[in-house]
Structure formats: C-alpha cells, structure tokens
Amino acid sequence: MMDHVGIQCADLARSRAFYNAVLKPLNFRVLLDHEVAFGYGLDFPFFWLSGAADTQPSREVHLAFRARSQDAVRQFYTAAMSSGAESLHEPRLWPEYHPGYFGAFVRDPDGNNVEAVHHQFEQ
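Values in this document were obtained by computation on a predicted structure and should not be read as measured data.

### Section: the overall build of the protein chain
Then, number 1: Counting its regular elements, the protein chain contains two helices and eight strands.
Then, number 2: Along its sequence from the N terminus, the protein chain presents helices and strands in the succession β-α-β-β-β-β-α-β-β-β.
Then, number 3: Radius of gyration (C-alpha) of the protein chain: 14 Å, near the 14 Å computed for a compact globule of 123 residues.
Then, number 4: Here the protein chain, with 123 residues, has 38% of them falling under the buried criterion.
Then, number 5: Residue pairs in contact within the protein chain that sit at least 24 positions apart in sequence constitute 51% of those at least 6 positions apart.

### Section: the sheet that holds strand β8 (residues 113-119)
Then, number 1: Pairing within the open sheet is mixed, and its four strands lie in the order β5-β8-β7-β6. A strand with exactly one partner marks an edge of an open sheet, and here the two such strands are β5 (62-66) and β6 (86-93). For this sheet, the mean inter-axis angle between neighbouring strands, taken without regard to orientation, is 15 degrees.
Then, number 2: Direction of pairing for strand β7 (residues 101-107) relative to β8: antiparallel, over a ladder of seven bridges. By the bridge assignment, Y101 is partnered in β8 with H119.
Then, number 3: Taken strand by strand, helix α2 (residues 70-82) contacts β6, β7 and β8, and its axis lies near 10 degrees from that of β7.

### Re the sheet that holds strand β1 (residues 5-9)
Then, number 1: Read from one edge of the open sheet, four strands run β1-β4-β3-β2, paired in mixed fashion. Because the sheet does not close on itself, it has two edges, and the strands there are β1 and β2 (29-33). Ignoring which end each strand starts from, the neighbouring axes of this sheet average 30 degrees apart.
Then, number 2: As paired elements, β1 and strand β4 (residues 45-51) share five bridges and run parallel to each other. Bridging from a neighbouring strand, Q8 pairs with S50 of β4.

Criteria and cut-off values
- Residues numbered from 1 in each chain as written.
- Predicted model: local features only at pLDDT ≥ 70, side-chain atom pairs only at ≥ 80, totals over all residues.
- Heavy atoms only, no water.
- Helix = DSSP H or I, 4+ residues; strand = E, 2+ residues; numbered from the N terminus.
- Rg over C-alpha atoms; globule rule 2.2 N^0.38 Å.
- Buried < 20%, exposed > 50% of the residue type's maximum accessible area, 1.4 Å probe, protein only.
- Contact = heavy atoms within 4.5 Å.
- Pairing = 2+ DSSP bridges.
- Axes fitted to C-alpha atoms, helices over the stretch in contact; angles between N-to-C directions.

Following this line, the structure appears as structure tokens:
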C-alpha cells in the first residue's frame, strides 16, 4: 500500500487555499509545512502539495479522499464550489461502483479530478 502521494501545482498558494478549504470538512489539515511543500493528513502527512518543478504540461490526476459521512462529502463539495472549483459531479450515490458508494467530484486549480467519497457497506 502507498505511504504518501504528492502533486505539483502551478500556483502553490492558490492550490493550498483550495485544498485547505476542501479537506477541512474531511478533517485533513496541514501537518508539515516546509513553505515549498505542504503535507496534509489526520495524524500522518499522506498527501503533499509542492510547486511545479518545470513548465511541462501534466496529465490529469484522480485523487479520492475518504470521508467519514455523506454529509462530509456534501461539505467538501460546497467548499469546492465556494472556492471557484469546476463541478464534475454533484454529491450522489454511485451504485455502479458498489452499493453505498457516495461521492462528489470537482476540478482543482491545476485541472485534477478530486473526489470525496464515503463507503457505506451493508452490515
């Protein structure tokens, strides 16, 4: 399993403001701040932002953050819309993935597909 993942951002300050807003409802926060890179997590920095090292175009990345509830997914989406993000898919159930898959999808400032997802499995 992965330990952490990082993405490069064209405008680090803009991306940090976006991720601060959308990750707050999911309880993720900056745990390590190196000024040129920021590590988000709950108790360990598993998601990192840094400035772009070059001007080469990048491919879209899909990032899915686990949410503790459907309400947290909705709050993520509201925060993203308030931050000026493009909506890809409003919060809803996605039964084609599995019953109880509840997610919302937005574009971050660099064009990446960012999702918040809550998995509700039958007990």
